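Descriptive analysis of the structure
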Amino acid sequence: MRGLSFPILYRDDDLVIVNKPSGLVVHRGFATDRVTAMAVVRDQIGRHVFPVHRLDRGTSGALAFALSSEGAAAVGACFEAGQATKRYLALVRGITPEEGLIDHPVPSSPDGPRVPARTRYRRLFAFERFSLVEALPETGRLHQIRRHFKHLSHPLVGDVNYGKGDINRLFRERFGLHRLALHALELRLAHPRSGEPVTVRAPLPEDLAGPWGKMGIPPELLS
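Report on the accompanying structure. Because the structure is predicted, anything quoted here is derived from the model rather than measured.

1. Focus: the pattern of salt bridges
- Summed over the entire model, instances satisfying the criterion amount to 14 salt bridges.
- For the salt bridge of R146 with D159, the shortest nitrogen-to-oxygen distance reads 2.8 Å. You can see R146 sitting in helix α3 (residues 144–151) and its partner D159 sitting in the loop between α3 and α4 (165–175), a full 13 residues away along the chain.
- When its relative accessible area of 7% is taken as the criterion, R146 is described as buried.

Below, the structure written as structure tokens:
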């Protein structure tokens, strides 16, 4: 873990938001990983941090931590109340409708019951048999975006749980895409102390921007 650090998108005395790479869990939770994003950020800034939301292991992008338990409670309440906005980019199989709302219950934990879940989306770009979509989840369920697009028969490229192995192999061989094609591009939330809006954008990492560029996706759609 020594020497590992993330780009910091926002930081003050109450909140830090980083650009998490693909391949790391946020905290141990259900996993047993030795290295977690939470530990990396703690060591990077030299302060204990409190997770307020999560990104899947394979998802990159904007990830927020509070710097106190009180701050974590305030930001967590913001997420629970649906007052935080998360904007994702995803590459999925097939040509999706131009826009839509996926209203389909999914489990809230690995063995938990299905609970209401909603994701709005719009198609930004079509590439052969695939679509780049903007996904705006209105709830924060486990693997929500991945499960929702599988439900539409448009699984995410690079998804080893809900996707298609032959598609994943094709993108590895043809474009060098070796990860889940999902990135948390933008995060908006209320500051835990002032209540003022905080908005950050997380630039795409090269392991996603490079392959997507090879597909001819215009750069202006990736920011």
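2. Thoughts on the nonpolar core
- Counting 28 residues, the largest nonpolar core has V16, F65, F149 and L156 as the members making the most contacts within it.
- Counting only elements with at least two residues in this core, the list comes to β2 (15–20), α1 (37–45), β4 (60–66), β5 (85–93), β10 (130–137), α3 and β11 (182–190).
- Among the elements that take part in this core, α1 stands out by supplying 4 residues, more than any other.
- With near-sequence residues (within four places) excluded, L156 lies in contact with A90, L91, V92, I145, R146, F149, G163, N168, L180, A181 and L182.

3. Structural notes on the side chain of K86
- Turning to its location among the elements, K86 is positioned in strand β5.
- No salt bridge is formed by the buried K86. Its closest oppositely charged neighbour is E80, at 9.2 Å.
- K86 has contacts with H53, F79, A135, L136, P137, T139, G140, E186 and L187, leaving out every residue within four places of it along the chain.

4. Topic: the pairing of strand β1 (residues 8–11)
- In terms of strand pairing, β1 meets β2 through 3 bridges, oriented antiparallel. By the bridge assignment for β2, I8 is matched with V18.
- Between the antiparallel neighbours β1 and β2 lie 3 residues.

5. Brief notes about unusual backbone geometry
- One non-glycine residue, H143, adopts positive backbone phi at about 55 degrees.
- For H143, the location among the structural elements is in the loop between β10 and α3.
- Note on H143: relative accessible area 18%, which makes it buried.
- Phi is positive for S153, close to 65 degrees, though the residue is something other than glycine.
- Relative to the helices and strands, S153 is located in the loop between α3 and α4.
- A residue is classified by how much of its surface remains accessible, and S153, at 48% relative accessible area, is partly exposed.

Rules used in this analysis
- Residues numbered from 1 in each chain as written.
- Predicted model: local features only at pLDDT ≥ 70, side-chain atom pairs only at ≥ 80, totals over all residues.
- Heavy atoms only, no water.
- Salt bridge = Lys/Arg side-chain N within 4 Å of Asp/Glu carboxyl O.
- Helix = DSSP H or I, 4+ residues; strand = E, 2+ residues; numbered from the N terminus.
- Buried < 20%, exposed > 50% of the residue type's maximum accessible area, 1.4 Å probe, protein only.
- Core = buried A, V, L, I, M, F, W, Y, C linked by side-chain atoms within 4.5 Å.
- Contact = heavy atoms within 4.5 Å.
- Lys, Arg positive; Asp, Glu negative; His and termini not counted.
- Pairing = 2+ DSSP bridges.

Take it as geometry only, folks, not as evidence of what the structure does.
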